[in-house]
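Residue-level listing of the chains:
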Amino acid sequence: MTHRTKSHAMCVAAAMALMTLSPVSAFAYTGQDRPAEDRLQPQENPGRVSRGRASRQNRNQQQQQPAAPVVPTPEENLAAAQQLFTANSVPCQMTEANLRGQTPDTRSMYEVVCANGFGYLSLTGLAASTDEAGQPKPAIEPIFIECIEAQVTHDRAVAASAEAAPPPKCDLPANQNFIQIFAAMSAEAGITCTVDQGTIIGRKGKTSVYEIGCDGADGYRINRAGEGWEVASCLELANANVTCDFTTKPEQLATVKTWLAANEKTAACDINNVRYMGSNPNGSFYEAACNGAEGFITRLDAAKAIQEVYPCSEAEKIGDGCKLTAAAPQNNTSPAA
């Protein structure tokens, strides 16, 4: 799997990395872990100590021993993490939550697994308060970072320095199958291909932008937008001189060929090149070049069903006309788009 870093993920994960965490296992004392001052000290002359005095001493020492902090149960961790995400409108119906530790200022870090395949690291925030001198301390917002972002930043940090401690990444087994996570994202975005690659390529506002690679088909870039997703195919992006790393020209041609095969006017085209031209309220426009035959421009609806076909000889005024097929127009009249 290919990873790319991005500034947001690095900043968030770096902020997490700078937090000193106490692991959950350190929340409870064992007999070997008690501080020296809490352990029973041998008497210099135990034979002269009365039974009453020893009893009182034992009681005093027991009273001085600090109570062991209570370790939250898995159910309590799940409830606390779910409340945190719900209160901050982070979509995740949790199936698992692990308390990874706490910072000295009692901020808790959770790793969670969501029912839709996503996973997160989160760090609770702090309410506004005042310090010992009475000076105001501003509130600290909670942090949420997707496991994919955390993994990207972790891998980048490891590659950059083998000595520096890398930022945290997700460790739960359910959060390790990134292709499954990319597939879940794609399904939510309405993409029906078989996902075989994916990575984070940047950020749009507060949301991550992902590149999705499809097995034998055109790929996509997607990002969350409100309750849904924004989706741009790699064919569309090529019109803006943007190149997808996980999509090849043959895969794009294979995708367009399936569109053409469904229409009797275009099914015979042995396509060798294609370009996205743009869209308007009537649909999207693509030029196709065919081996041994005249090319054409097609108008497709949102479901990629062909609505109109314009042979290149008649398509001079459709957008910027045909560019992949050298065909002189027969006249200056073209059908309305």
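Residues numbered from 1 in each chain as written. Predicted model: local features only at pLDDT ≥ 70, side-chain atom pairs only at ≥ 80, totals over all residues. Heavy atoms only, no water.

*Asks:* Any details on the overall build of the chain? Residues and values, ideally.
*Replies:* Helices and strands together make up the secondary structure of the chain, namely 7 helices and 14 strands. Sorting the 337 residues of the chain into buried and exposed places 38% on the buried side. The long-range share in the chain, meaning contacts at least 24 apart out of those at least 6 apart in sequence, stands at 46%. (Helix = DSSP H or I, 4+ residues; strand = E, 2+ residues; numbered from the N terminus. Buried < 20%, exposed > 50% of the residue type's maximum accessible area, 1.4 Å probe, protein only. Contact = heavy atoms within 4.5 Å.)

*Asks:* Which residues make up the state of the cysteines, and what values go with them?
*Replies:* For the structure shown, the criterion picks out 6 disulfides. Residue pairing for Cys234: its cysteine sulfur links by disulfide to Cys244, the two sulfurs lying 2.1 Å apart. What sets the handedness of the Cys234 and Cys244 disulfide is the S-S torsion sign, and at about -100 degrees it is left-handed. Residue Cys234 is found in helix α6 (residues 234-238), and its partner Cys244 is found in the loop between α6 and α7 (249-261); the two are separated by 10 residues along the sequence. Judged by relative accessible area, Cys234 falls into the buried class, the value being 2%. The partner cysteine of Cys312 in its disulfide is Cys322, sulfur to sulfur 2.1 Å. One disulfide, between Cys312 and Cys322, carries an S-S torsion of -90 degrees and so falls in the left-handed class. Taken together, the positions of Cys312 in the segment after β14 (306-311) and Cys322 in the segment after β14 put the pair 10 residues apart, joining distant regions of the chain. According to the relative accessible area criterion, Cys322 is buried, its value standing at 18%. (Disulfide = S-S within 2.5 Å.)

*Asks:* Now, about the sheet that holds strand β13 (residues 293-300): what can you tell me, with residues and values included?
*Replies:* As summarised here, the arrangement of the 4 strands in space is β11-β12-β13-β14, forming an open sheet in which the pairing is antiparallel. In the strand order of this sheet, the two ends are held by β11 (271-280) and β14, each with one partner. Averaged over all pairs of adjacent strands, the angle between their axes in this sheet comes to 20 degrees, without regard to strand direction. Relative to β13, strand β12 (residues 283-290) is paired through 6 bridges, and the arrangement is antiparallel. Along β13, the bridge assignment pairs Phe285 with Arg299. Relative to the sheet, α7 contacts β11, β12, β13 and β14, its axis offset from that of β11 by approximately 70 degrees. (Pairing = 2+ DSSP bridges. Axes fitted to C-alpha atoms, helices over the stretch in contact; angles between N-to-C directions.)

*Asks:* Help me get a handle on the packing of aromatic side chains, residues and values and all.
*Replies:* Inspection of the entire model under this criterion finds 5 aromatic pairs. Pairing Phe85 with Phe144 gives two aromatic rings, centres 4.9 Å apart and planes at 80 degrees, and the pair type is edge-to-face. Of this pair, Phe85 sits in helix α3 (residues 74-87) while Phe144 sits in strand β6 (residues 143-146), placing them 59 residues apart in sequence. When the centroid spacing of 6.2 Å and the interplanar angle of 70 degrees are considered together, the rings of Phe182 and Tyr210 count as edge-to-face. Residue Phe182 is located in helix α5 (residues 178-188), and its partner Tyr210 is located in strand β8 (residues 207-214); the two are separated by 28 residues in the primary sequence. Accessibility expressed as a relative area gives 0% for Phe182, which makes it buried. Under the relative-accessibility criterion, Tyr210 is labelled buried at 0%. The structure contains a cluster of three or more aromatic residues connected by ring pairs, namely Phe85, Tyr120 and Phe144. (Phe/Tyr/Trp six-rings, centres within 6.5 Å; stacked < 30°, edge-to-face > 60°.)

*Asks:* So what's going on with the packing of helix α4 (residues 147-160) against α5? Residues and values would help.
*Replies:* Contact pair α4 / α5: the axes reach a minimum separation of 11 Å and the direction vectors enclose 135 degrees. By the criterion of interaxial angle, the relationship of α4 to α5 is oblique. Considering the relative orientation of α4 and α5, their crossing is left-handed. Between α4 and α5, the contacting residues are Cys147, Ile148 and Gln151 on the first element and Phe178, Ile181, Phe182 and Met185 on the second. (Parallel < 35°, antiparallel > 145°, perpendicular 65-115°, else oblique. Left-handed = near helix turned anticlockwise from the far one by under 90°.)

*Asks:* Outline the pairing of β13, listing residues and values.
*Replies:* The buried count for β13 comes to 6 of 8 residues, which makes it a mostly enclosed element. In this antiparallel pair of consecutive strands, β12 and β13, the connection spans 2 residues, and Gly292 shows a positive phi of 70 degrees. The pairing of β13 with β14 spans 5 bridges and is classified as antiparallel. The residue bridging Leu300 from the neighbouring strand is Ile306, located in β14. Between β13 and β14, which pair antiparallel one after the other, the connecting turn spans 5 residues, and Lys304 there sits at a positive phi close to 65 degrees.

*Asks:* Describe the sheet that holds strand β7 (residues 195-204), and please don't skip the residues or the numbers.
*Replies:* The strands that make up a sheet pair up through hydrogen bonds in the backbone, lying either parallel or antiparallel. Read from one edge of the open sheet, 4 strands run β7-β8-β9-β10, paired in antiparallel fashion. Edge positions in the sheet fall to β7 and β10 (228-233), since each has one partner strand and no second. Taking the axes of each pair of neighbouring strands and ignoring which way they run, one obtains an average angle of 25 degrees across the sheet. Here strand β9 (residues 217-225) runs beside β10; their pairing, made up of 6 bridges, is antiparallel.

*Asks:* Can you explain the pattern of salt bridges? Please cite residues and give values.
*Replies:* Inspection of the entire model under this criterion finds 8 salt bridges. Close ionic contact of Asp171 with Arg100 constitutes a salt bridge, the shortest N to O distance being 3.5 Å. Here the residue Asp171 occupies a position in the loop between α4 and α5, and Arg100 occupies one in strand β1 (residues 94-102), the gap between them amounting to 71 residues. A network of salt bridges, in which partner residues are shared, links Arg100, Glu111, Lys169 and Asp171. (Salt bridge = Lys/Arg side-chain N within 4 Å of Asp/Glu carboxyl O.)

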